[in-house]
Amino acid sequence: VQLQASGGGLVQAGGSLRLSCAASGLTFSVYHMGWFRQAPGKEREFVAAIAFIGGTAHYADSVKGRFTISRDNMKNTVYLQMNSLKAEDTAVYYCAAVRVSTDWRPRWQEDYDYWGQGTLVTVSS
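Scope of this entry: the structure provided in the associated data block. (Residues numbered from 1 in each chain as written. Predicted model: local features only at pLDDT ≥ 70, side-chain atom pairs only at ≥ 80, totals over all residues. Heavy atoms only, no water.)

So, the packing of aromatic side chains
For the coordinates displayed, the defined rule picks out 5 aromatic pairs. Each ring, one from Tyr31 and one from Tyr114, has its centre 6.1 Å from the other, and the planes form 50°; the classification is tilted. Of the two residues, Tyr31 is situated in strand E4 (residues 31-38) and Tyr114 in strand E10 (residues 114-115); the sequence distance between them amounts to 83 residues. The class of Tyr31 is buried, set by a relative accessible area of 7%. Over the ring of Tyr94 we find Arg44; its NZ or CZ atom is 5.5 Å from the centre of that ring. (Phe/Tyr/Trp six-rings, centres within 6.5 Å; stacked < 30°, edge-to-face > 60°. Helix = DSSP H or I, 4+ residues; strand = E, 2+ residues; numbered from the N terminus. Buried < 20%, exposed > 50% of the residue type's maximum accessible area, 1.4 Å probe, protein only. Lys NZ or Arg CZ within 6 Å of the ring centre and 35° of its normal.)

Below, the structure is given as structure tokens:
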């Protein structure tokens, strides 16, 4: 299984970026997908998650209204559209996959089965 995250970079505060995560080696449509991030010197934290068929999404309070998670099951890809970026959004962003079950806890990192390598987002103020 591979989760390949891309789209990170350097952007000014107030700008936008779109992250992508391409999945291979798994049946993408039976996995919920999540984005997490880890800022320098901090623990990794939940950002957003989307259900296996799309539609249902969850967001951290810190990004609600600014970030949008989406997925394309035909392309085996999950996206994170990030608008109105702030300096505090600077972090390495990771995508992760958890197989569908009856008990989905989107914010719990421990539940996720597979992780990507991360992509760095730097927001300059």
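Considerations on unusual backbone geometry
Phi at Asn76 is positive, roughly 55°, even though this residue is not glycine. As for its placement among the helices and strands, Asn76 is situated in the loop between strand E7 (67-72) and strand E8 (77-82). The class for Asn76 is partly exposed, based on a relative accessible area of 25%. The backbone of Ser84 shows a phi angle near 50°, a positive value even though the residue is not glycine. Locating Ser84 in the fold gives a position in the loop between E8 and strand E9 (91-99).

A short note on the nonpolar core
Counting residues in each nonpolar core, the largest one holds 39 residues, and the members touching the most others are Met33, Trp35, Leu80, Met82 and Tyr93. At the level of elements, strand E1 (2-6), strand E3 (17-24), E4, strand E5 (45-50), E7, E8, E9 and strand E11 (119-124) are the ones that each hand at least two residues to this core. With 6 residues, the top contributor of residues to this core is E9. (Core = buried A, V, L, I, M, F, W, Y, C linked by side-chain atoms within 4.5 Å.)

Regarding the state of the cysteines
In the structure shown here, the tally under the stated rule is 1 disulfide. The disulfide bridge from Cys21 ends at Cys95, spanning 2.1 Å between sulfur atoms. Taking the torsion about the sulfur-sulfur bond, which here is approximately 60°, the covalent link between Cys21 and Cys95 counts as right-handed. In this pair, Cys21 sits in strand E3 while Cys95 sits in strand E9, placing the two residues 74 residues apart along the sequence. The residues Cys21 and Cys95 share a single accessibility class, namely buried. (Disulfide = S-S within 2.5 Å.)

A short note on the pattern of salt bridges
Evaluation of the coordinates by the stated rule reveals 5 salt bridges. One salt-bridge network, held together by shared partners, links Arg37, Glu45, Arg66 and Asp89. (Salt bridge = Lys/Arg side-chain N within 4 Å of Asp/Glu carboxyl O.)

Let's talk about the pairing of E5
Working note: regular strand, side chains alternate between the two faces of the sheet. Where burial is concerned, most of E5 is hidden: 5 out of the 6 residues are buried. Bridge count for E4 against E5 is 5 bridges, and the pairing is antiparallel. From the neighbouring strand, Met33 faces E5, where its bridge partner is Ile50. Following E4, the chain reverses through 6 residues before pairing antiparallel with E5; Gly41 in that reversal takes a positive phi of roughly 75°. With 3 bridges joining them, E5 and strand E6 (residues 57-59) adopt antiparallel strand pairing. Looking at the pairing, Ile50 lines up with Ala57 of E6. The turn joining E5 and E6, which pair antiparallel and follow one another in sequence, is formed by 6 residues; a positive phi near 75° is taken by Gly54. (Pairing = 2+ DSSP bridges.)

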